[in-house]
Amino acid sequence: MKNQKVGIASLGLHFPQLAMSMEELAKLRHVDPNKFLTGLGCDKMALCPEGYNIVDLAADAAQRALSRWNGDLKDIAMIATGTESAIDMSRPLSAWVAEKLGLQGNIRSYEVKHACYGGTLAVRQAVEWLMAGVAPQKAALIIAADISLYTPGEPSEATQGAGAVALIIEKDRPLIAEIDPISYPWSKPAFDFWRPVGRAHPLVEGQFSLHCYEEATRECFQALTQGKDAAEVFNQFVAMCFHTPFPKMVKKAFFVLGRMYGWEEEVIEKMYATKVDPTMRWNRLCGNAYTAGLWIAVASILCGMPPGKAISAFSYGSGCGAELLTLKSGVLAEQAAWAKDVEMDLMKRRYLDANSYEELRKKQLHEG
Ligand code: CAA
């Protein structure tokens, strides 16, 4: 198993055309903007325009990954989507996306659900499917896509966002990043964040959700470092990526980890500043993209990375389930073709003022 190389052969990201600043939201809700900017570590939230839905967002990311892939469309034998923004309870998002991309035939097509962890689960299934050798010479198209919207006026509103990441997972050609076959999952049934059938927005036990995230982080990292020197393990990683509901959550969880290992606050702070904080530059500009959040951080930190560098990727999904993965940069990470798309999406975005935002939210509720 160890000699098999499986991983990301192509990568595509997409961010929608609208955004709003935390300052504008704070003005609308009569809140000190510093609560959102420094208290949560958020900067901008990505928003979808009227008529642009999760299918468009996921397909746009997939098209970008496919356009740069050095493979043949007929070799895609799995299309799996991770999302919590699905538009149908039966028909998987993968079917809508496959329709848009013209993908049909001997392809396993399905949707994976476990809140923000769904995309990572789909990635793991692709890795394990390829390692099993049951589909030689085939590849998987995995898409993590979400539009995160909360009830207007709730504390969670500042953490809204949107984004999609598409990954083509292949054996023998992990040109962007190799994914280690060994990973560290953990789960524990909880009601920290959930969306009952028929509800437009999730229900959130805010502070409890932070606790669940921190507990999952501790458990997964403990599994990784068991019997080893944790500092040595951490120092092998040039970067450590996390699911990013909002950047302060990641900082809190990283400090919980450092304290668990008994490290001095300055040591934790330094490690956070060098290995963790730089992974969230795109997350800060798009907000919480649920299933895509972790993979946005991974895509961002891989940009310009020389081959052979190790990174960790911690995935968390409410409910709750988590998994810690480790990856190694491939030969195409350095040129980071996907970064140009992101720069273009972010540059072309239109910023909404408070009134236009309220109008949009009303129309979207009507659309839903
Ligand atoms: N200036 C600077 N900082 C300020 C401030 C000000 N004027 N006012 C408040 N703050 C700080 C607070 O001190 C706090 O920081 P600390 O936690 O470091 O003390 C921070 O701003 C937030 O303040 P509150 O805790 O009072 O915020 P809140 O309770 O109103 O809302 C929240 C925070 C509960 C996270 C809310 O945004 C929420 O419900 N978010 C959605 C749930 C979520 O994202 N959970 C994360 C884990 S679950 C998960 O990961 C799955 C997922 O994607 C949803």
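As the structure is a computational prediction, the values presented were derived from the model and not from experiment. (Residues numbered from 1 in each chain as written. Predicted model: local features only at pLDDT ≥ 70, side-chain atom pairs only at ≥ 80, totals over all residues. Heavy atoms only, no water.)

### Regarding the overall build of the protein
Across its full length, the protein carries 13 helices and 15 strands. Projected onto its principal axes, the C-alpha positions of the protein cover 55 × 55 × 40 Å. With 368 residues in all, the protein has 57% of them scored as buried. The long-range share in the protein, meaning contacts at least 24 apart out of those at least 6 apart in sequence, stands at 77%. In the form shown here, the protein has an accessible surface area of approximately 15,500 Å², with 51% of it arising from carbon and sulfur atoms. For the protein, the distance from the average position of its 39 positive side-chain charges to the average position of its 42 negative side-chain charges is 2 Å. (Helix = DSSP H or I, 4+ residues; strand = E, 2+ residues; numbered from the N terminus. Buried < 20%, exposed > 50% of the residue type's maximum accessible area, 1.4 Å probe, protein only. Contact = heavy atoms within 4.5 Å. Areas by Shrake-Rupley, 256 points an atom, 1.4 Å probe, with all protein chains shown as cover. Lys, Arg positive; Asp, Glu negative; His and termini not counted. Charge placed at Lys NZ, Arg CZ, Asp CG, Glu CD.)

### So, the layout of surface pockets
The calculated volume of the largest pocket comes to roughly 1,400 Å³. Together, 44 residues line the largest pocket, and Glu84, Ser85, Ala86, Arg195 and Ala200 are the ones closest to its centre. Put simply, the parts of the chain that give the lining of the largest pocket at least two residues each are β5 (108-112), β10 (193-194) and α13 (354-367). Examining the composition of the lining of the largest pocket, we find that 4 residues originate from one element, α13, more than from any other. Within the lining of the largest pocket, the residues separate by chemical class into 23 nonpolar, 12 polar and 9 charged. Inspection of the lining of the largest pocket shows a minimum of three residues originating in each of domain 1 (6-178 + 336-367) and domain 2 (181-329). Taken as a whole, the second largest pocket encloses approximately 610 Å³ of empty space. Around the second largest pocket sit 28 residues that line it, and Ser156, Val204, Gly206, Ser209 and Phe246 are the ones nearest its centre. Those elements that place two or more of their residues in the lining of the second largest pocket are α2 (33-39), β11 (203-204) and α6 (206-225). With 5 residues, α6 is the largest single contributor of residues to the lining of the second largest pocket. Class assignment for the residues of the lining of the second largest pocket results in 15 nonpolar, 10 polar and 3 charged. (1 Å grid on protein atoms, 1.4 Å probe; cavity = no way out; pocket = protein on both sides within 12 Å on 5 of 7 lines; lining within 4 Å. Points joined across faces, edges and corners; volume = space filled by probe spheres on them. Nonpolar A, V, L, I, M, F, W, Y, C, P; charged D, E, K, R; others polar. Domains from an automatic or database assignment.)

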